Amino acid sequence: MPDHVVLHYTAMTTCDAALARLCDAEAGVSAHYLVSETGRVWQMVDEAERAWHAGAGAWGEITDVNSRSIGIELANTGAHPFPEPQMLALEMLLEGIFDRWDVTAGRVIGHSDMAIGRKVDPGPRFDWRRLARRGLAVLPETGRADPGDLAADLHRIGYRWNSGQEDIALAAFRLRVRPWATGEADDTDRALAADMAARWPAG
């Protein structure tokens, strides 16, 4: 049964093109929902059924994310903001999912979170803070925790990576919490990771 939600963007030029691909059995990809820029929602897979939207990756101890998650595709190329009607529709969709399943704000993740180094959606323009203010996602806050052990805290949050991929893990975390940050890890990264790990560890 699903207990997570994975958010994606379609990376296609039109919503119609994304809908056609998601309905194409030969494409090898599917999602439970597609949300257009105007807020129209299509359900393509029953929430209790497994869809193939997450692919390879892991979150916490979950290695088959498809079997534990509801996938929501947002029509967006990744190069522009997500319109107000689309965000409102997403919020309503998430509220319903929270009511129906054992999904909480801490279990709403991005494709980039569970497929580090391979995927970047829903991307730097996605408004995670807006969802967090509505109690539909989580974000750490500055000033709540002291800098800690970054690798250990990222692991506790849910990020998984192979040896030598620490920079990729940091990039995935930053994409969620401070998407325009660059350079080496700093105390801001370490403090934010410590806060998130303390309040919302994967599990």
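Here is a short report on the structure shown in this document. (Residues numbered from 1 in each chain as written. Predicted model: local features only at pLDDT ≥ 70, side-chain atom pairs only at ≥ 80, totals over all residues. Heavy atoms only, no water.)

## Notes on the overall build of the chain
- Within the chain, the secondary structure is distributed over seven helices and five strands.
- Starting at the N terminus, the α and β elements of the chain follow one another as β-α-β-β-β-α-β-α-α-α-α-α.
- Computed over the C-alpha atoms, the radius of gyration of the chain is 16 Å, within 12% of the 17 Å expected from 2.2 N^0.38 for a compact globule of 203 residues.
- For the chain, the C-alpha atoms occupy an extent of roughly 45 × 30 × 30 Å along the three principal directions.
- Counting over 203 residues, the chain shows a buried share of 49%.
- Entry remark: accessible area of the chain is about 9500 Å², with carbon and sulfur atoms responsible for 49%.
- Looking at charge distribution, the chain has the averaged site of its 21 positive side-chain charges lying 2 Å from that of its 30 negative ones. (Helix = DSSP H or I, 4+ residues; strand = E, 2+ residues; numbered from the N terminus. Rg over C-alpha atoms; globule rule 2.2 N^0.38 Å. Buried < 20%, exposed > 50% of the residue type's maximum accessible area, 1.4 Å probe, protein only. Areas by Shrake-Rupley, 256 points an atom, 1.4 Å probe, with all protein chains shown as cover. Lys, Arg positive; Asp, Glu negative; His and termini not counted. Charge placed at Lys NZ, Arg CZ, Asp CG, Glu CD.)

## Let's talk about the sheet that holds strand β5 (residues 108-110)
- Read across the sheet, five strands follow the order β3-β2-β4-β1-β5 without closing on themselves; strand pairing throughout is mixed. Two strands lie at the open edges of the sheet, namely β3 (41-43) and β5, each paired on one side alone. Adjacent strand axes in the sheet meet at a mean angle of 25° when their direction is disregarded.
- As paired strands, strand β2 (residues 33-35) and strand β4 (residues 69-74) are joined by three bridges and run parallel to one another. Looking at β4, one finds that Y33 is bridged to I72.
- Sheet contacts for helix α1 (residues 15-22): β2, β3 and β4; angle to β2, the most-contacted strand, approximately 175°. (Pairing = 2+ DSSP bridges. Axes fitted to C-alpha atoms, helices over the stretch in contact; angles between N-to-C directions. Contact = heavy atoms within 4.5 Å.)

## Topic: helix α2 (residues 84-100)
- Between the first and last C-alpha of α2 there are 25 Å, a value that for 17 residues agrees with the 24 Å anticipated at 1.5 Å per step.
- All of the buried residues along α2 are Q86, M87, A89, L90, E91, L93, L94, G96, I97 and F98. (Expected span 1.5 Å × (residues − 1).)

## Thoughts on the packing of helix α5 (residues 150-157) against helix α6 (residues 166-177)
- Between α5 and α6, the shortest axis-to-axis distance is 11 Å and the interhelical angle comes to 60°. Taken as axis vectors, α5 and α6 run oblique relative to one another. The two elements α5 and α6 meet at a crossing, and its hand is left-handed. Across the interface between the two elements, L150, L154 and I157 from α5 touch A169, L170 and F173 from α6.
- Considered class by class, the residues forming the contact of α5 with α6 number six nonpolar, no polar and no charged. (Parallel < 35°, antiparallel > 145°, perpendicular 65-115°, else oblique. Left-handed = near helix turned anticlockwise from the far one by under 90°. Nonpolar A, V, L, I, M, F, W, Y, C, P; charged D, E, K, R; others polar.)

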